[in-house]
Amino acid sequence: MSQNNPTRIVAGNWKMNTTPEEGKKLVSEIIPMLEDELRGHVHTILIPPTVHLASLKSLFSSIGMTLLWGAQDCSAHSKGAFTGEISAEMLTSIGVSHILVGHSERRSYHGETNEMCREKIVRIVEAGGCPIYCVGETLQEREEGRVEKVIEQQLREGLSDLLRESPIPFVIAYEPVWAIGTGKTATPQQASEVHGMIREWLRDQVSNSVAATTSILYGGSVKAENADELFCMPDVDGGLIGGASLNSRSFVDIVKACAR
Ligand code: PGA
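Just so we're clear, the structure is a prediction, and the values are computed from it rather than from any experiment. (Residues numbered from 1 in each chain as written. Predicted model: local features only at pLDDT ≥ 70, side-chain atom pairs only at ≥ 80, totals over all residues. Heavy atoms only, no water.)

Undergrad: What exactly am I supposed to notice about the site of the ligand here?
TA: Taken together, 13 residues form the shell around the ligand, and within it Lys-15, His-103, Glu-175, Gly-181 and Ser-221 come nearest. Contact distances for the ligand include 2.6 Å between an oxygen atom and a side-chain N or O atom of Glu-175. Within the contact set of the ligand, an oxygen atom lies 2.8 Å away from a backbone nitrogen or oxygen of Gly-243. Tallied by class, the residues present in the shell around the ligand amount to four nonpolar, seven polar and two charged. (Near = heavy atom within 4 Å. Polar contact = N/O pair within 3.5 Å; in protein donor to acceptor, adjacent residues only side chain to side chain. Nonpolar A, V, L, I, M, F, W, Y, C, P; charged D, E, K, R; others polar.)

Undergrad: In this structure, what is going on with the packing of helix α10 (residues 224-231) against helix α11 (residues 248-259)? I would like to understand it.
TA: Each packed pair of helices is defined by two parameters, the angle between the axes and the distance between the axes. Viewed as axis vectors pointing N to C, α10 and α11 meet at an angle of 15°, and their least axial separation amounts to 9 Å. Judged by the inter-axis angle, α10 sits roughly parallel to α11. Once α10 is placed against α11, the crossing between them reads as right-handed. Side by side, α10 and α11 meet where Ala-224, Ala-227, Asp-228 and Phe-231 of the first sit next to Ser-250, Asp-253, Ile-254, Ala-257 and Cys-258 of the second. Grouping the amino acids of the contact of α10 with α11 by side-chain chemistry returns six nonpolar, one polar and two charged. (Axes fitted to C-alpha atoms, helices over the stretch in contact; angles between N-to-C directions. Helix = DSSP H or I, 4+ residues; strand = E, 2+ residues; numbered from the N terminus. Parallel < 35°, antiparallel > 145°, perpendicular 65-115°, else oblique. Left-handed = near helix turned anticlockwise from the far one by under 90°. Contact = heavy atoms within 4.5 Å.)

Undergrad: Honestly, the pairing of strand β8 (residues 238-241) in this entry has me stumped. Any pointers?
TA: One face of the sheet, then the other: side chains in a regular strand alternate in exactly this way. Every second residue of β8 is oriented toward a common face, with Gly-238 and Leu-240 on one face and Gly-239 and Ile-241 on the other, all of them buried. Examined bridge by bridge, strand β7 (residues 216-219) and β8 share two bridges and lie parallel to one another. The residue of β8 that forms the bridge with Gly-219 is Leu-240. Between the parallel pair β7 and β8, the chain is carried across by α10, and the sense of this crossover is right-handed. (Buried < 20%, exposed > 50% of the residue type's maximum accessible area, 1.4 Å probe, protein only. Pairing = 2+ DSSP bridges. Right-handed = clockwise from strand over helix to strand, strands pointing away.)

Undergrad: Just checking my understanding: could you explain the sheet that holds strand β3 (residues 67-71) for this structure?
TA: Sheets are built from strands paired through backbone hydrogen bonds, the pairs being either parallel or antiparallel. Around the barrel, which closes on itself, the eight strands sit in the order β1-β2-β3-β4-β5-β6-β7-β8 with parallel pairing between neighbours. Neighbour-to-neighbour, the strand axes of this sheet turn through a mean angle of 25°, independent of strand direction.

Undergrad: Whenever I open this one, unusual backbone geometry confuses me. Can you help?
TA: The phi angle of most residues is negative, glycine excepted, and most peptide bonds adopt the trans form. Of note, the phi angle at Thr-18 is positive, near 85°, even though the residue is not glycine. The backbone of Ser-221 shows a phi angle near 55°, a positive value even though the residue is not glycine.

Here it is as structure tokens:
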């Protein structure tokens, strides 16, 4: 694979699941099963609840493999009187490399707007991290034929001027809201079509090289059984995995599918 291709990535978003002990058990099952893949070209990112991060990371950092750690959210502010919030800098200072922004659960349960996402992306980049910016349409928006419009707006309001100023690290995750946690996966064609549209937007609005190198992940009911057919599609560079990342065997099989 040429260096100019997007990095292949599988990220496991545990959401608000697992006690610290269960988290430790899950990671200790995943690591030996993933040994070969972790030395290969797929970047594997674990995104546990924030409170587990420091202990899990220090427990396994001695292994020296390319396992990366992510966080599920961060504050749009850098510091100060924001009770309950965690800054991007706090996360990167304990070794978090990637931070999710604009996950549909944050957008729908916490009212996060594209503008708030943009602020978070700025904070993450300032702190030396890499945002994973989540975009995706609801079922109603898809049925009304508004997929392209909705995603274009999420990209434009969340990202565009940031990308034009100077290069920043970022990953995009396309997660149709109707596919998250529902068992209803987008077909490989539906996923590839939207991914192609996102890449086209990057080409038009930013540059050919940013479009060619940006990793675009698919998320929404990815399982070991459907990972192969999704990951072999044009413009699908990996996945953001929710439910199936809580089972070590399923998660590892998904990473392996991405490496093929
Ligand atoms: P799911 O979640 O795989 O359980 O559908 C994906 C996500 O929310 O990132």
